[in-house]
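Below, each chain spelled out in residue letters.
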Amino acid sequence: MGPGELMGVFREDLLAGRVAFVTGGATGIGNGIAHALGRHGAKVAIASRKRENLEHAAAALDAAGIECWFDTCDIREPEQVERVVAGIVEQFGAIDILVNNAAGNFPAPMRKISYNGFRAIVGIDLLGTYNVSKAVFEAWMKDHGGGVVNISAPFEGMGVALQSHVAAAKAGVDSLTRTCAVEWGPLGIRVNAIAPGEIAQTEGVARFGDAVAGSTGGNNPLGFAGATEDIANVVLFLVSDAARFVSGQVFCVDGASGVDAFKMKVEPPSED
Ligand code: NAP
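Note that this is a predicted model, so its numbers are computed, not measured.

Procedures and definitions
- Residues numbered from 1 in each chain as written.
- Predicted model: local features only at pLDDT ≥ 70, side-chain atom pairs only at ≥ 80, totals over all residues.
- Heavy atoms only, no water.
- Near = heavy atom within 4 Å.
- Polar contact = N/O pair within 3.5 Å; in protein donor to acceptor, adjacent residues only side chain to side chain.
- Areas by Shrake-Rupley, 256 points an atom, 1.4 Å probe, with all protein chains shown as cover.
- Helix = DSSP H or I, 4+ residues; strand = E, 2+ residues; numbered from the N terminus.
- Nonpolar A, V, L, I, M, F, W, Y, C, P; charged D, E, K, R; others polar.
- Salt bridge = Lys/Arg side-chain N within 4 Å of Asp/Glu carboxyl O.
- Buried < 20%, exposed > 50% of the residue type's maximum accessible area, 1.4 Å probe, protein only.
- Contact = heavy atoms within 4.5 Å.
- Pairing = 2+ DSSP bridges.
- Axes fitted to C-alpha atoms, helices over the stretch in contact; angles between N-to-C directions.
- Core = buried A, V, L, I, M, F, W, Y, C linked by side-chain atoms within 4.5 Å.
- Parallel < 35°, antiparallel > 145°, perpendicular 65-115°, else oblique.
- Left-handed = near helix turned anticlockwise from the far one by under 90°.

## Side note on the site of the ligand
Stage number 1. The ligand sits among 27 residues. The nearest are Thr 27, Ile 29, Arg 49, Asn 101 and Thr 202.
Stage number 2. Note that an oxygen atom of the ligand is positioned 3.4 Å from one of the backbone N or O atoms of Gly 24.
Stage number 3. Ile 75 is positioned with one of its backbone polar atoms (N or O) 3.0 Å from a nitrogen atom of the ligand.
Stage number 4. Within the complex, 92% of the 880 Å² of free accessible area of the ligand lies under protein.
Stage number 5. Elements that contribute at least two residues to the shell around the ligand include exactly helix H1 (28-39) and helix H6 (203-206).
Stage number 6. It is H6 that contributes the most residues to the shell around the ligand, three residues altogether.
Stage number 7. Across the shell around the ligand, the residue classes break down as ten nonpolar, nine polar and eight charged.

## Some words on the pattern of salt bridges
Close approach of charged atoms allows side chains with opposite charge to pair.
Stage number 1. Per the stated rule, a full pass over the model turns up eight salt bridges.
Stage number 2. A salt bridge links Asp 241 to Arg 18; the nearest nitrogen and oxygen atoms lie 3.3 Å apart. Of this pair, Asp 241 sits in the loop between helix H7 (228-239) and strand S7 (250-253) while Arg 18 sits in the segment before strand S1 (19-23), and the two are 223 residues apart along the sequence.
Stage number 3. Put simply, Asp 143 and Lys 142 hold a salt bridge, and the shortest N to O gap is 3.6 Å.
Stage number 4. With relative accessibility at 30%, the residue Lys 142 sits in the partly exposed group.
Stage number 5. Through salt bridges that share partners, Arg 51, Asp 71 and Arg 83 make up one connected network.

## Quick word on the environment of Leu 238
Stage number 1. By secondary structure assignment, the location of Leu 238 is in helix H7.
Stage number 2. Sequence spacing of Leu 238 and Gly 147 is 91 residues, and the spatial spacing of their C-alpha atoms is 7.7 Å.
Stage number 3. The contact partners of Leu 238, leaving out residues within four places of it in the chain, are Val 149, Arg 190, Asn 192, Ile 194, Ala 243, Val 246 and Phe 251.

## A closer look at the sheet that holds S7
Stage number 1. Reading across the sheet, the seven strands line up as S3-S2-S1-S4-S5-S6-S7 and stay open at both edges, with parallel pairing between neighbours. Either end of the sheet is taken by a strand with one partner, and the two such strands are strand S3 (68-72) and S7. Neighbour-to-neighbour, the strand axes of the sheet open up by a mean angle of 20°, direction not taken into account.
Stage number 2. Judged from the three bridges that link them, S1 and strand S4 (residues 97-100) form a sheet pairing that is parallel. Looking at S4, one finds that Phe 21 is bridged to Leu 98.
Stage number 3. Contacting S1, strand S2 (43-48) and S3, helix H3 (residues 78-92) runs over the sheet at an angle of about 160° to S3.
Stage number 4. Contacts from H7 reach S4, strand S5 (146-151), strand S6 (189-196) and S7, with the element oriented near 165° to S6.

## Topic: the nonpolar core
Stage number 1. Within the largest apolar cluster, 31 residues are counted, with the highest numbers of intra-cluster contacts made by Ile 33, Leu 37, Ile 46, Val 99, Ile 194, Ile 231 and Val 235.
Stage number 2. Setting aside residues up to four positions removed in sequence, Ile 231 forms contacts with Ile 29, Ile 33, Ile 151, Ile 194, Pro 196, Ile 199 and Val 253.
Stage number 3. Of all hydrophobic cores here, the second largest spans 29 residues; its members include Ile 75, Ile 95, Ala 181 and Ile 189.

## What about the side chain of His 40?
Stage number 1. The residue His 40 is located in the loop between H1 and S2 in this model.
Stage number 2. A relative accessible area of 2% means that His 40 is categorised as buried.
Stage number 3. Within the structure, His 40 has its side chain in polar contact with the backbone oxygen of Ala 36 (distance 2.8 Å).

## Quick word on the packing of H1 against H7
Stage number 1. Direction vectors running N to C along H1 and H7 enclose 50°, while the axes themselves pass 8 Å from each other. For the element pair H1 / H7, the angle class is oblique. Seen from above, H1 lies across H7 with right-handed handedness. Of the residues in H7, those in contact with Gly 28, Ile 29, Gly 32, Ile 33, Ala 36 and Leu 37 of H1 are Thr 228, Ile 231, Ala 232, Val 235, Leu 236 and Val 239.
Stage number 2. Its residues placed into classes, the contact of H1 with H7 shows nine nonpolar, three polar and no charged.

Right, dumping it as structure tokens:
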């Protein structure tokens, strides 16, 4: 089944009447999630730093018949985040779904990452997730409930060369996921995370290029790289009522790459 065929799995009106906010929703995985949420009936707000990318993405969402709103925002700045969150509530009257997708990344050994470089990644990936979650909680979810999905990375419990900053930040995101699920569960808010493996045609993979030996093109037991739709479909499940008893979990969506301890070549079963 190719990526284009993956979207007919859920009912088209799955999220009718809901409002979703996707940070970093103009590009890559976030953009795939924004389209998937919109195609299933949600009104979609996106925000990131580059207005040009947001305008382009909003035009495409609009062309797909999805009601969309956007604003620029650096998620490291709480005042900017609060302004955008207030704008969404003013525009759409709610924020039922939050996808904390925005993140930064560059591959480098820890000793070569500058203080500012390390701080920037932790500032975007971890503190940004905290800033947006808190603002959406205060502005809407604490009184109305909702669903939060944090986009993490499949690094938990591992040492990850060239990713000291991202791995540390995403470990914090996973921790925040569990804590918010516990603190906010009584208010009807479910909080989960998705840790994507290799997702084809994304900036995340492009940036790594040759840095990860043999990693591209589906070096996992399922034998193919994921598509943005593979992540979007898990988001759709997690924010839908089908997942009403699911909270505080980090789901690896990686073709079993993370549990493949020795990456040995396994022969396909023979006829005899
Ligand atoms: P991407 O296209 O670079 O997406 C990142 C988005 O975050 C961009 O739209 C960017 O927009 C936004 N952003 C960055 N810094 C920001 C800031 N300070 N404030 C607001 N927005 C900011 O990368 P991607 O590969 O799709 O990754 C999406 C998510 O998946 C990330 O959380 C990443 O860690 C995770 N992930 C990806 C892979 C993969 O294979 N691609 C694997 C594991 C995890 P602006 O530049 O306009 O701000």
